[in-house]
Amino acid sequence: MKLPFREALNSMTAYASGKTIEDIQREYGLTRVDKLAANENPLNCSEKVIETVRKAAANLSIYPDSNSTELKKAIAAFYGVKETEIMPTSGSDEMINMLAGTFLNPGDETIMADFTFASYITASKMADAKIITVPVRNFALNLEGMAEAITDKTRLIWLCNPNNPTGTMFTEAELYEFMSKIPNTVVVVYDEAYAEFVTDPHYPRDSFKLYRQFPNMIVMRTFSKVYGLAGLRVGYSFAHEEVLHNINKIRSVFNVNKLAQAAAVTALTDQAFVKKVIDLNNEGKSYLYKQFEEMGIMYVPTEANYIFLDVEKDCNEVFKGMERRGIIIRPVKETFIRVTIGTMEQNKVFIKGLKEVLSE
Ligand SMILES: *Cc1c(COP(=O)(O)O)cnc(C)c1O
């Protein structure tokens, strides 16, 4: 075809969403399929949220509030910040794209780890920016290396804490030390999608307010993980008013749909559900660590709801073997896989399947 597809697309591939649960059931004649590939919430979401969504569905013919007013109010009250310092989006994914669209010009440099969230790559490529990758050190972000990689062309740095897919975190002291080295002309995107799962006391707990001290910082959170609303698409970011004012220029008018706005407001009110999710995650984590130790498997201790492990066998082969047994995991690279911590029953199914696949 002779159509003018942008050059940037040549180095891009569409997200491989893989087979659906239904595809796998059909293909292997299975009734049970456990999806432990996308860090989704094994407890779905709060019952209160389901009730809210049902009610909000009463007038779907009316456009949603383009400013997500009630949701901004709810987030502002929950975190003790101003409504003008918050931007709800259609998942953090939308914000990632908008940040690239707001700050990156063709040829600008953007820094990220080699093992990190893939959406940063797509967004940066769409902006025709040059990606500078800094290898992880002991599976954790190499903050010193990332700061050293800054040149006069650097415009934006992507930090993920805890990091996906490795599950490692850096401390508040490390974040401050890093920020003190960053020129105020470089934007730092700080993605905290899994913040609620962190158990380490040195995690930067008040990071959502850091844009006050560092106006070049944008902090992203999401309702997709601990709140279990991945299917509705709603995330939120904290940033300086002037930053949000500029991002707002490229935001699509009705970016957060009506059901998502209503659901997120209610989700914040049910912290008992959040606690249940975190407790289950911690229980699953201990169980899986113990099993991996007994099996002699190297795993990276996690601060999130997934574990990164070295199965010492080609990850795609392990993926196939697991899939045949109705267990979907994420093959990452070489002999590394990532598995989402599920219900205790799912964790046991996963271990049983993994033992079989590794002894094949
Ligand atoms: C899951 C995830 C998100 C959240 O994405 P949504 O678009 O909000 O669903 C953001 N960042 C990372 C690193 C994630 O793993």
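In case you missed it, the structure is sitting above this.
What you are looking at is a predicted structure, and each value in this text was computed from that prediction instead of being measured.

**Quick look at the sheet that holds strand β8 (residues 235-238)**
Taken together, 7 strands build an open sheet; the order of strands is β2-β8-β7-β6-β5-β3-β4 and the sheet is mixed. The sheet terminates laterally at β2 (86-89) and β4 (130-134), the two strands that pair on one side only. Between one strand and the next, the sheet's axes are offset by a mean angle of 20 degrees, whatever the strand orientation. Pairing of strand β5 (residues 154-160) with strand β6 (residues 187-191), which is carried by 5 bridges, proceeds in the parallel orientation.

**Looking at the layout of surface pockets**
It is a probe the size of a water molecule, rolled over the atoms, that shows where empty space is left. In this model, the second largest pocket occupies a volume close to 220 Å³. What lines the second largest pocket is a set of 16 residues, and nearest its centre among them are R137, L141, L143, E144 and E174. When contributions to the lining of the second largest pocket are tallied by element, the ones reaching two or more residues are α6 (143-148) and α7 (172-181). Top element by residues in the lining of the second largest pocket is α7. It accounts for 4 residues. When its residues are assigned to classes, the lining of the second largest pocket shows 8 nonpolar, 3 polar and 5 charged.

**Remarks on the nonpolar core**
By size, the foremost hydrophobic cluster in this structure holds 68 residues, and its most contacted members are L159, F178, F223, L229 and F238. Once residues lying within four places of it in the same chain are set aside, the contact partners of F178 are L143, M146, A147, I157, L159 and V188. In terms of nonpolar packing, the next biggest core, distinct from the first, is built from 28 residues, L36, F292, M322 and I327 among them.

**What to know about the side chain of D310**
Structurally, the position occupied by D310 is in strand β10 (residues 306-310). Despite its burial, D310 pairs with no opposite charge, the nearest such side chain being K313 at 12 Å. In terms of polar contacts, D310 uses its side chain to reach the backbone amide nitrogen of E312, at 3.0 Å. Excluding its chain neighbours within four sequence positions, the residues that come into contact with D310 are I297, M298, T335 and F336.

**Quick word on the pairing of β6**
Counting buried positions along β6 gives 5 out of 5 residues, so the element sits mostly inside the fold. Neither face of β6 is left uncovered, since the one carrying V187, V189 and D191 and the one carrying V188 and Y190 both have all their residues buried. For the segment spanning β5, α7 and β6, crossover handedness is right-handed. Pairing geometry for β6 and strand β7 (residues 217-222), over 4 bridges, is parallel. Across the sheet, V188 pairs through a bridge with M217, a residue of β7.

**Side note on helix α12 (residues 315-324)**
By the burial criterion, the buried members of α12 are C315, V318, F319, G321, M322 and E323. Just downstream of α12, G326 is the residue with a positive phi angle, here 80 degrees.

**Details of the site of the ligand**
Near the ligand there are 13 residues, and of these D191, Y194, S224, K225 and R233 occur at the shortest range. N164 has a polar side-chain atom sitting 2.7 Å from an oxygen atom of the ligand. A distance of 2.6 Å is found between an oxygen atom of the ligand and a side-chain nitrogen or oxygen belonging to Y194. Considering the ligand on its own, with 380 Å² of exposed area, one finds that the protein chains cover 94% of that surface. With 3 residues, helix α4 (residues 91-103) is the largest single contributor of residues to the shell around the ligand. For the shell around the ligand, the per-class residue count stands at 4 nonpolar, 5 polar and 4 charged.

About the thresholds
- Residues numbered from 1 in each chain as written.
- Predicted model: local features only at pLDDT ≥ 70, side-chain atom pairs only at ≥ 80, totals over all residues.
- Heavy atoms only, no water.
- Pairing = 2+ DSSP bridges.
- Helix = DSSP H or I, 4+ residues; strand = E, 2+ residues; numbered from the N terminus.
- Axes fitted to C-alpha atoms, helices over the stretch in contact; angles between N-to-C directions.
- 1 Å grid on protein atoms, 1.4 Å probe; cavity = no way out; pocket = protein on both sides within 12 Å on 5 of 7 lines; lining within 4 Å.
- Points joined across faces, edges and corners; volume = space filled by probe spheres on them.
- Nonpolar A, V, L, I, M, F, W, Y, C, P; charged D, E, K, R; others polar.
- Core = buried A, V, L, I, M, F, W, Y, C linked by side-chain atoms within 4.5 Å.
- Buried < 20%, exposed > 50% of the residue type's maximum accessible area, 1.4 Å probe, protein only.
- Contact = heavy atoms within 4.5 Å.
- Lys, Arg positive; Asp, Glu negative; His and termini not counted.
- Salt bridge = Lys/Arg side-chain N within 4 Å of Asp/Glu carboxyl O.
- Polar contact = N/O pair within 3.5 Å; in protein donor to acceptor, adjacent residues only side chain to side chain.
- Right-handed = clockwise from strand over helix to strand, strands pointing away.
- Near = heavy atom within 4 Å.
- Areas by Shrake-Rupley, 256 points an atom, 1.4 Å probe, with all protein chains shown as cover.

On their own, these measurements won't tell you what the molecule is for.
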